[in-house]
Amino acid sequence: MKRTMTKSSVVNSNAPYEDRNKLPEQRLWQAVLAQSVYDFIYGDYRSLQTQTDKYEAKKWVNLKNTDFKYTCELAGYSPEYIYRKVQSVLETKGDK
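Summary of the structure given here.

**Some thoughts on the nonpolar core**
Leu-33, Val-37, Ile-41, Val-61, Phe-68, Ile-82 and Val-86 are the most contacted members of the largest nonpolar core, which has 14 residues in total. Elements with a contribution of two residues or more to this core: α2 (24-42), α4 (66-75) and α5 (79-93). Sequence-distant contacts of Leu-33, that is, excluding residues within four places in its chain, are made with Trp-60, Phe-68, Thr-71, Cys-72, Ala-75, Tyr-77 and Ile-82.

What follows is the structure, given as structure tokens:
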């Protein structure tokens, strides 16, 4: 059986009851982070019009990028954890 990766499999938001204790702002940042990572990993560039936009999406997921780190922290996740998960998924896909 082929396992399909979803946004939540990268961000690891697995239990619905965990959302009860999160602030709406944190849920918003989780959605922003999940969409950004999903676009980077799966190349879902429907909303990105130029090659520069594609490059920027790829460059954004980087531990040296303060925006990436800050977004992870606002979402309640460790930037290192998210980065490792992204790299793991890329290795599985063969896109490293």
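**Let's talk about the packing of α2 against α5**
Relative orientation of the contacting elements α2 and α5 amounts to 25°, with a least axis distance of 10 Å. What the angle tells us is that α2 and α5 run roughly parallel. Between α2 and α5 the crossing geometry is right-handed. Within the contact between the two elements, α2 uses Leu-33, Val-37, Phe-40, Ile-41 and Tyr-42 and α5 uses Ile-82, Val-86, Val-89, Leu-90 and Lys-93. Its residues placed into classes, the contact of α2 with α5 shows nine nonpolar, no polar and one charged.

**What about α2?**
Its 19 residues place the ends of α2 27 Å apart at the C-alpha level, agreeing with the 27 Å of an ideal helix rising 1.5 Å per residue. Those residues of α2 that sit buried are Gln-30, Leu-33, Ala-34, Val-37, Asp-39, Phe-40 and Ile-41.

What counts and what doesn't
Residues numbered from 1 in each chain as written. Predicted model: local features only at pLDDT ≥ 70, side-chain atom pairs only at ≥ 80, totals over all residues. Heavy atoms only, no water. Core = buried A, V, L, I, M, F, W, Y, C linked by side-chain atoms within 4.5 Å. Buried < 20%, exposed > 50% of the residue type's maximum accessible area, 1.4 Å probe, protein only. Helix = DSSP H or I, 4+ residues; strand = E, 2+ residues; numbered from the N terminus. Contact = heavy atoms within 4.5 Å. Axes fitted to C-alpha atoms, helices over the stretch in contact; angles between N-to-C directions. Parallel < 35°, antiparallel > 145°, perpendicular 65-115°, else oblique. Left-handed = near helix turned anticlockwise from the far one by under 90°. Nonpolar A, V, L, I, M, F, W, Y, C, P; charged D, E, K, R; others polar. Expected span 1.5 Å × (residues − 1).

What is shown is where atoms sit, not what they do.
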